[in-house]
Amino acid sequence: MSLTTRRRLRDIYQLTDFEAASRRYLPRAVYEYVRNGAGFEVSLRRNRAVFHRYLWKPYRLRDVSQVDPSVILFGERYAQPFGLAPTGGAAMTCFDADKLEAAAAYRHGVFYALSANSLTPLEDIIRINPRTWFAAYLPSDTDIIDGMVDRVAAAGYNVLMVTIDVPVAAQRVAETRAGYTMPIRPKTRAILGGLAHPGWTFGTMGRTILRDRDPRIVNIRPHGGPGLFSSEIGAVGGSSRFTWDHVQRIRDRWRGKLVLKGILRAEDAARAATLGVDGIGISDHGARLLDSTVSPLEVLGEIRRAAGDMTVLVDSGFRCGGDILKARALGADAVMIGRPFLQACAVAGGAGIDRAVTILSREIARDLALLGLTSLPDLGPDLLSDVYTVPFASRDGDER
Ligand SMILES: Cc1cc2nc3c(=O)[nH]c(=O)nc-3n(C[C@H](O)[C@H](O)[C@H](O)COP(=O)(O)O)c2cc1C
């Protein structure tokens, strides 16, 4: 590890440390794009505050000298009950972020979902990490759906996640105020932000443009996608006519495991199960779409009951090993984590992602032992006390 990387990671002890640290290395527009949530960010704060509702009741005097946090998802064993959520625009946080995330996940034996909003061809990513999942944004056009399903299958993916919670493009105010636009437009505020962060301008954006000339969102459509600077980008955001009929069509065509990401209602989970879907992601998209939704953790129990045999993933606001274990206790199989990995990438590239995975893995091992447990199947609702209704989030959103 270089001296610079060591220095950048020196004060990182918890996942939340990456957010403040990333602010130093990212232009304001990109920093806000990663950090911010929709509306008044009520859900963003609430997704953190909700963890206070459930408190531990640990067992004592048990042998916890050997703990095993591994988990089986879609027939594969993973070293940890968490993985890297699909995050579009990752390459704006550091050079080749898609590849760095894929490689780090493989090194650590955790799962990784490549977003369709990415710059590296999905065919290249699966060569780096043969266990990568693909997270598609699909329109209602059946030729495009079929073409995408066939492309992902031909590349050798086994898990296709379809993100179902973006019928229309979202709006987030903080990133807009900071000058973030897609397609990228040289707005004064964004240019000033770039000038203030030459390391990012040359090391991330400049290097990407130098190599790719016209960086494109290559995984959004069967034969590629629009450039980051092209107005055609608007045409691939949102899919307001995408419905359950399309899910049925995908199920009929896709032989691998199918996951629907973005479920927040028990009856939607039940419907997914009747269609033969293999897994669901309970998620409010990291509070980036509709403000003031229920927090995924609060509806996890009822959705788990409706989900039958499906694998249940959950995300939005998980920031430490204890959060992940609470989700397990309430019925999730595993947790997806988004922002911290992008912020870690911005701080120290692949070494940053390594640090983030290591922090979480150590927290999980330590907390399992402190709970008096040695493996995840031992973890159930008996370990938790549901103490009170969630208080309104504190001003900084994190009372921890
Ligand atoms: C910058 C950013 C980009 C995202 N892009 C996608 C995406 O392309 N597809 C998707 O299904 N979810 C996307 N998400 C949502 C994440 O997969 C995940 O649901 C969310 O980040 C979890 O919340 P957390 O960031 O609080 O951990 C994105 C999230 C962020 C922060």
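Along each chain, the written sequence defines residue order, and numbers are assigned to residues from 1. Two thresholds apply to this predicted model, a pLDDT of at least 70 for residue-level local features and 80 or more for giving and counting side-chain atom pairs, whereas whole-chain, interface and lining totals are computed over all residues. Note that the side-chain values use all heavy atoms of the structure and ignore hydrogens as well as water.

A few words now on the overall build of the chain. Only DSSP runs of H or I reaching four residues or more are called helices, and only runs of E reaching two or more are called strands; each is numbered from the N terminus. Helix and strand counts for the chain come out as 15 helices and twelve strands. To get the radius of gyration, use the C-alpha atoms; to get the globule rule, take the number of residues to the power 0.38 and multiply by 2.2 Å. Taking 2.2 N^0.38 as the reference for a compact globule, 400 residues should give roughly 21 Å; the C-alpha atoms of the chain span a radius of gyration of 20 Å, in line with that estimate. Overall size of the chain, expressed as C-alpha extent along the three principal axes, is 60 × 50 × 40 Å. The cut-offs for exposure are 20% and 50% of the maximum accessible area for each residue type, with area from a 1.4 Å probe on protein chains only; residues under the lower value are buried, those over the upper are exposed, and the others partly exposed. Counting every position in the chain, which comprises 400 residues, the buried fraction comes to 59%. Every residue pair with non-hydrogen atoms within 4.5 Å of one another is taken to be in contact. For the chain, long-range pairs separated by at least 24 residues make up 74% of all intrachain contacts whose partners lie at least 6 apart in sequence. Here the chain has roughly 17300 Å² of accessible surface; of this, 52% comes from carbon and sulfur atoms. A residue counts as positive if it is Lys or Arg and as negative if it is Asp or Glu; His and the chain ends are not included. Lys charges are placed at NZ, Arg charges at CZ, Asp charges at CG and Glu charges at CD. The distance from the centre of the 52 positive side-chain charges to the centre of the 44 negative ones in the chain is 5 Å. Note on areas: Shrake-Rupley with a 1.4 Å probe; residue coverage comes only from the protein chains shown.

Around the ligand lies a shell of 22 residues, among which Pro86, Gly88, Ser115, Thr163 and Arg319 are the nearest. Note that a nitrogen atom of the ligand is positioned 3.3 Å from one of the side-chain N or O atoms of His285. Take Arg319: an N or O atom from its side chain is 2.8 Å from an oxygen atom of the ligand. Of all the elements in the fold, those that place two or more residues in the shell around the ligand are α3 (28-35) and α15 (339-370). When the residues that make up the shell around the ligand are grouped by side-chain class, the tally is seven nonpolar, ten polar and five charged. Note on definitions. A residue lies near a molecule or strand when any single heavy atom of the residue is within 4 Å of it. Definition of a polar contact: a pair of N or O atoms within 3.5 Å, with one able to donate and the other able to accept a hydrogen when the atoms are protein atoms, and with sequence-neighbouring residues admitted only if both atoms are side-chain atoms. Any residue that is not Ala, Val, Leu, Ile, Met, Phe, Trp, Tyr, Cys, Pro, Asp, Glu, Lys or Arg is counted as polar, Gly included; the first ten are nonpolar and the last four charged.

Once that is clear, we can look at helix α7 (residues 142-155). Across its 14 residues, α7 extends 20 Å between first and last C-alpha, which sits within 8% of the 20 Å expected from 1.5 Å per residue. Within α7, the full set of buried residues consists of Ile144, Ile145, Asp146, Met148, Val149, Arg151, Val152 and Ala155. Its buried side turned inward, α7 meets α6 (122-128), β6 (133-136), β7 (159-163) and α11 (244-253). Sitting at the amino-terminal end of α7 is Asp141, which places a side-chain oxygen 2.9 Å from the backbone nitrogen of Asp143. Here the expected span of a helix is defined as 1.5 Å times the quantity of residues minus one.

With that settled, the discussion passes to α3. Within α3, seven of the eight residues are buried, leaving the element largely enclosed by the surrounding structure. For α3, the set of buried residues is Ala29, Val30, Tyr31, Glu32, Tyr33, Val34 and Arg35. Packed against the buried residues of α3 are α2 (17-25), α4 (42-49), α8 (173-177), α10 (198-212) and α15.

This part covers the nonpolar core. Buried Ala, Val, Leu, Ile, Met, Phe, Trp, Tyr and Cys residues that are joined via side-chain atoms within 4.5 Å together make up what is termed a nonpolar core. Core analysis: the biggest nonpolar cluster contains 122 residues, and Trp133, Phe134, Tyr157, Leu160, Ile250 and Ile280 have the highest contact counts within it. When residues in this core are grouped by element, the largest group, 14 residues, is from α15.

In short, DSSP must find at least two bridges between two strands for them to pair. Read around the closed barrel, the eight strands follow the order β4-β5-β6-β7-β8-β9-β10-β11; overall the barrel is parallel. The average undirected angle you get between the axes of adjacent strands in this sheet is 25°. Sheet topology note: the strand β8 (residues 257-263)/strand β9 (residues 279-282) ladder contains four bridges and is parallel. Within the sheet, the bridge partner assigned to Ile263 lies in β9 and is Ile282. Only the contacting stretch of a helix is used when fitting its axis, a line to C-alpha atoms as for every element, and angles between N-to-C directions run 0 to 180 degrees.

Moving on: a nonpolar patch on the surface. Surface patches are drawn from residues lacking salt bridges whose relative accessible area is over 30%; two like charges belong together within 9 Å, two nonpolar side chains (Val, Leu, Ile, Met, Phe, Trp, Tyr) within 5 Å. A pair is scored as a salt bridge if a Lys or Arg side-chain nitrogen falls within 4 Å of a carboxyl oxygen belonging to Asp or Glu. Taken together, the side chains of Ile191, Leu192 and Leu195 define a hydrophobic patch exposed on the protein surface, amounting to about 310 Å² of accessible area. Within the secondary structure, Leu195 is located in helix α9 (residues 188-196).

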